[in-house]
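So you can see what is in the structure, the chains are spelled out below.
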Amino acid sequence: MGEGNSRPHVAVTRRLPDPVQSRMAAQFDAELNPQDRRLDRGDLVALMQRSDVLVPALSDRIDADLLAEAGPRLKLIANYGAGVDHINVAAAAERGIHVTNTPGVLTEDTADMTMALIIAVTRRLTEGLAVMQAGQWDGWSPNAFLGGRIGGRKLGILGMGRIGQAVARRAAAFGMEVHYHNRTRLPADCEAKLGLTWWDSLDQMLARTDVISVHVAHTPATFHLLSARRLKLLKPSAVVINTSRGEVIDENALTRMLRAGEIAGAGLDVYEHGHEANPRLRNLSNVVLLPHMGSATVEGRIEMGEKVIRNIAAYAAGETPPDLIQP
Ligand code: DGY
């Protein structure tokens, strides 16, 4: 890192939890956004030009063109979030700008939400909810709202990083048979502890599992990893869950197959085109859609802020920030 600057000018693009904002204001020369005003590209460029540190979130697209206009002052982009696919990290590095993120603190919350989606889709939770909310329940019936049993189902986890492993632990506790595909295989004792089955071939895992849950980051290599061809490998009874990034799944193909009954259901927290879910996914009884709330807990958001502060403080002290992303 550079020389350090004990009270760097830190520009924050979104309103953060109050305790985080207070600590930032106390520790740094912080320019906050307490009204959560939407910033356009012009606003972002101006912020970057007058700041040592930018704290963006995934709603800000920090691409090469924007970085080209950042000017010489900006030295650190301390992202408020784990995923950095909205930041061109290589272009930042070329300009001597470091990028950090907030790994680890979203793991358990996102894994909880993944399980919630698996259960909601498999046990038809939203269908029951809709009937109750509409006051249309006419009493218990042996055949009403029959879903599938969670225990014994085969879960295929795509991507076995921190969140994939946290999902595996939960799924194993629910009695699911956990399979995974990952570039690197976990150590044998890890696999044995959770009874994990590793698949070298993603295609083969897809064809054999009942629920497929996405936990890879979005990179050029993972874009449409679940392509139309791969989605066709799934059993018609399969359910697709995504709490990672929408771009990993060909959303149009998934939508077509869900509507045609070629895939049984989906639980989605993220979408290929940011916050615009394919409108043809709405109102499908076999689909549960959430507004990217996998990590949305009060505790998690504060811990994310604490990580951001630690990263900036390390930069300010001339040290390597703990969560520095390697370009
Ligand atoms: C992240 O931090 O990347 C998450 O997706 C936000 O929930």
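Residues numbered from 1 in each chain as written. Predicted model: local features only at pLDDT ≥ 70, side-chain atom pairs only at ≥ 80, totals over all residues.

### Considerations on the overall build of the chain
If you tally the helices and strands in the chain, you get 12 helices and 12 strands. Against the 2.2 N^0.38 benchmark of 20 Å for 327 residues, the chain shows a C-alpha radius of gyration of 22 Å, consistent with a compact globule. At a minimum sequence separation of 6, the contacts of the chain that also span at least 24 residues come to 62%. (Helix = DSSP H or I, 4+ residues; strand = E, 2+ residues; numbered from the N terminus. Rg over C-alpha atoms; globule rule 2.2 N^0.38 Å. Contact = placed C-beta atoms within 7 Å.)

### Considerations on the UniProt feature "domain: D-isomer specific 2-hydroxyacid dehydrogenase catalytic" (unreviewed entry) in the chain
Those places that UniProt annotates as "domain: D-isomer specific 2-hydroxyacid dehydrogenase catalytic" (unreviewed entry) correspond, in this numbering, to residues 11-325. Along residues 11-325 one finds 36% helix and 13% strand; the C-alpha atoms at either end are 20 Å apart. (UniProt positions renumbered as here; feature names shortened; annotations may be inferred.)

### Digging into the packing of helix 1 (residues 18-27) against helix 12 (residues 298-316)
Between helix 1 and helix 12, the shortest axis-to-axis distance is 9 Å and the interhelical angle comes to 15°. Taken together, the axes of helix 1 and helix 12 lie roughly parallel to each other. In terms of crossing hand, the pair formed by helix 1 and helix 12 is right-handed. On helix 12, the residues touching Pro 19, Val 20, Arg 23, Met 24 and Gln 27 of helix 1 are Ile 302, Gly 305, Ile 309 and Ala 313. Broken down by class, the residue content of the contact of helix 1 with helix 12 amounts to six nonpolar, two polar and one charged. (Axes fitted to C-alpha atoms, helices over the stretch in contact; angles between N-to-C directions. Parallel < 35°, antiparallel > 145°, perpendicular 65-115°, else oblique. Left-handed = near helix turned anticlockwise from the far one by under 90°. Nonpolar A, V, L, I, M, F, W, Y, C, P; charged D, E, K, R; others polar.)

### With respect to the site of the ligand
With respect to spatial proximity, the complete set of residues near the ligand consists of Leu 58, Gly 81, Ala 82, Gly 83, Leu 106, Gly 294 and Ser 295. Looking at side-chain class alone, the shell around the ligand contains three nonpolar, four polar and no charged residues. (Near = placed C-beta within 6 Å.)

### Considering helix 7 (residues 162-173)
Compared with the 16 Å implied by 1.5 Å per residue over 12 residues, the 17 Å span of helix 7 between its first and last C-alpha is a close match. Every buried residue belonging to helix 7 is among Ile 163, Gly 164, Gln 165, Ala 166, Val 167, Ala 168 and Ala 171, and all of these are buried. On its buried side, helix 7 packs onto helix 5 (107-122), strand 6 (154-158), strand 7 (177-181), helix 8 (188-194) and strand 9 (211-214). Downstream of helix 7 by one or two residues, Gly 175 has phi in the positive range, about 85°. (Expected span 1.5 Å × (residues − 1). Buried ≥ 20, exposed ≤ 12 C-beta atoms within 10 Å, placed from the backbone.)

### Brief notes about the sheet that holds strand 4 (residues 76-78)
Within the open sheet, the five strands sit side by side as 2-1-3-4-5. Their pairing is parallel. The outermost strands of the open sheet, each flanked by one partner alone, are strand 2 (29-31) and strand 5 (98-100). When the angles between neighbouring strand axes are averaged without regard to direction, this sheet yields 20°. In this structure, strand 3 (residues 53-55) lies alongside strand 4, joined through two bridges in parallel fashion. When the sheet's bridge partners are listed, Val 53 is paired in strand 4 with Leu 76. (Pairing = 2+ DSSP bridges.)

### Observations regarding unusual backbone geometry
One non-glycine residue, Phe 145, adopts positive backbone phi at about 55°. Mapped onto the secondary structure, Phe 145 falls in the loop between helix 6 (125-133) and strand 6. Taking the number of C-beta atoms within 10 Å as the measure of exposure, Phe 145 has 13 and is therefore partly exposed. Positive phi outside glycine occurs at Asn 283, with the angle close to 65°. The residue Asn 283 is located in the loop between strand 11 (265-268) and strand 12 (287-289) in this model.

### What to know about the confidence of the model for the chain
Overall, the predicted model of the chain reaches an average pLDDT of 97, with 98% of residues at or above 70. For this predicted complex, the interface confidence comes out at an ipTM of 0.96, alongside a pTM of 0.96. (pLDDT = per-residue confidence, 0-100.)

### Thoughts on the UniProt feature "domain: D-isomer specific 2-hydroxyacid dehydrogenase NAD-binding" (unreviewed entry) in the chain
UniProt tags residues 115-294 as "domain: D-isomer specific 2-hydroxyacid dehydrogenase NAD-binding" (unreviewed entry). Annotation note: span residues 115-294, helix share 31%, strand share 15%, distance between end C-alpha atoms 10 Å.

### Some words on the pairing of strand 7
For strand 7, the buried fraction is high: four of the five residues fall into the buried class. Pairing of strand 6 with strand 7, which is carried by five bridges, proceeds in the parallel orientation. Note on strand 7: the bridge partner recorded for Gly 156 is His 179. With two bridges connecting them, strand 7 and strand 8 (residues 197-198) associate as parallel partners. Along strand 8, the bridge assignment pairs Tyr 180 with Trp 198. What joins strand 7 to strand 8 is helix 8, and the crossover it makes is right-handed. (Right-handed = clockwise from strand over helix to strand, strands pointing away.)

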